[in-house]
Amino acid sequence: MTDQPAIVIRDLVKRYTPAKGGEAKLALKGVSFDVPQGQIFGLLGPNGAGKSTLINILAGTVTKTSGTAEIWGFDIDKDRRNAKRAIGIVPQEIVFDPFFTPFEVLENQGGYYGISKPLRRSMELLRDVHLADKANATARTLSGGMKRRLLVAKAMVHSPPVLVLDEPTAGVDVELRRQLWQLVSEMNREGVTVVLTTHYLEEAEALCDRIAIINHGELIADKPTRDLVGMAREKLVVLTLDRDVGEMPSHPAFLKCESKGERVIEITYDKDRSNAGEVMSLVQAQGYAIVDVTTREADLEDVFVKLTSEPAGA
Ligand code: ADP
Ligand code: MG
C-alpha cells in the first residue's frame, strides 16, 4: 500500500437495540477519521464514550448500524477477509483458555489464520513480548502483565500491518504500564501502525503521534499530539484588584481577559510569550493595585475538559 491511511472511518453509527423492550443506545453518532500509516494513534475518551464499540466494529465482533470502515484499503463489509488479515486486535477484556501454554496459544492462533506450521513464528513472537522463558508455562500461572503481553503476541501472529489495543493499561500498575508502552513503541519502530484507546491523557500524550478524542459517541478532536498539547500552552492568572474594574485591561500579550466578580479578573496568556510578572505589571500600569493573585497552568486535562464540555453539535 502506498501512503493511503491505514484505517479510514466514515460516518460510523452504532445503535445498540436491546432484545426486549428497553431503550436503544446510540453509541456512535456518525464518526469519521483517518489513521495515518506508521503512526501511534490514540483514541482518547472517557468511559462509555464509544471507544470499544468502534474497535469491536473493526474487529468484526460488533455489527455497525451504518457508515463504512476500511482497514489497509479493504472495506470491512466488501472485503472482510482481507480487512481482518490486515489488523491484529488486543481486546479490552483478557480472555483465553487457561489450560494452554503461551506457545500453544500462539500456535492455535496461527492455525486459525491458516499459517502452516513451518511458517509460524510463535517463539519469535514470545521473544518480542519478553515471554520466551514462559513458553511452556500454563497460561493461568502468568501474571496479569504477562497475559497482556501474550495477547499482544497473539494479535501479531498473522503479521498484520495494523495493531489495535483497547485500553491496554486500564487498571495496570506503573511498572506494567511502562512495559506496555515500551512494547508498543518497539512494534511501531518496526513499522506497525498502532491504534490504542485510553482514558489516560498523559498516556496518549506520551505515546501517540496523533490523538482523536471521542465523547458520547461523537468525535470532538482529531489532531497531531503536538497541536493538541499546544492548546495547553495557555496560562491563567486570577487577580483580585483594589477596586471595581471599569474597562477591562487589555494588551496584545493577553489572549483573554474576563471579569470573575466585581474586583476579580482572569487573564489568559500564552506562556511562551509572556509571564505572570509581566501580566501583573501591565495591569498595574493601567492604574490598578493588585490585592491577591493565583496562577494556574492549563494542561491536556484542561483541553479535554474544554472540548468535552462543549454542548453536542456546538
Ligand atoms: P468505551 O469503550 O469508550 O468505554 P463503549 O463502546 O464500551 O465505550 O460503550 C459506549 C456506550 O455503549 C456506553 O453507553 C455503553 O453502555 C453502551 N454499550 C456498549 N456495549 C453495549 C451493548 N452490548 N448493549 C447495549 N449498550 C452497550
Ligand atoms: Mg472500552
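Attention in this report is confined to the structure presented alongside it. (Residues numbered from 1 in each chain as written. Chains lettered and ligands numbered in written order. Predicted model: local features only at pLDDT ≥ 70, side-chain atom pairs only at ≥ 80, totals over all residues. Heavy atoms only, no water.)

Remarks on empty space enclosed by the protein
Right, so step 1: Scanning the model with the defined rule gives one cavity of 30 Å³ or more in all.
Right, so step 2: Its boundaries defined by the atoms lining it, the largest cavity holds a volume of some 50 Å³.
Right, so step 3: For the largest cavity, the full set of lining residues is Leu106, Gly110, Ile115, Leu119, Arg120, Arg121, Ser122, Leu125 and Val157.
Right, so step 4: Mapped onto the lining of the largest cavity, the elements with two or more residues apiece are α3 (102-112) and α4 (122-128).
Right, so step 5: For the lining of the largest cavity, the class distribution of residues is five nonpolar, two polar and two charged. (1 Å grid on protein atoms, 1.4 Å probe; cavity = no way out; pocket = protein on both sides within 12 Å on 5 of 7 lines; lining within 4 Å. Points joined across faces, edges and corners; volume = space filled by probe spheres on them. Helix = DSSP H or I, 4+ residues; strand = E, 2+ residues; numbered from the N terminus. Nonpolar A, V, L, I, M, F, W, Y, C, P; charged D, E, K, R; others polar.)

Considerations on the coordination of the magnesium ion (ligand 2)
Right, so step 1: Within the first shell, the magnesium ion (ligand 2) binds the protein through Ser52 (OG) and Gln92 (OE1), at distances of 2.1 to 2.3 Å. Taken as a pair, serine 52 in helix α1 (residues 51-59) and glutamine 92 in the loop between β6 (87-90) and α3 lie far apart in primary sequence, 40 residues in all.
Right, so step 2: Look at serine 52 and you get partly exposed, because its relative accessible area is 21%.
Right, so step 3: The partly exposed category is assigned to glutamine 92, whose relative accessible area is 30%. (Donors = N, O, S within 2.8 Å, 3.2 Å for Na, K, Ca; no water. Buried < 20%, exposed > 50% of the residue type's maximum accessible area, 1.4 Å probe, protein only.)

What about the pairing of strand β12 (residues 254-259)?
Right, so step 1: With five bridges connecting them, β12 and strand β13 (residues 264-270) associate as antiparallel partners. For cysteine 257, the partnering residue across the bridge sits in β13 and is isoleucine 267.
Right, so step 2: The turn joining β12 and β13, which pair antiparallel and follow one another in sequence, is formed by four residues; a positive phi near 145 degrees is taken by glycine 261. (Pairing = 2+ DSSP bridges.)

Description of the environment of lysine 25
Right, so step 1: Structurally, lysine 25 can be placed in strand β2 (residues 25-35).
Right, so step 2: Lysine 25 sits 215 residues away from threonine 240 along the chain, and the two C-alpha atoms are 47 Å apart.
Right, so step 3: Ignoring sequence-local partners within four residues, the contact set of lysine 25 consists of Lys14, Arg15 and Tyr16. (Contact = heavy atoms within 4.5 Å.)

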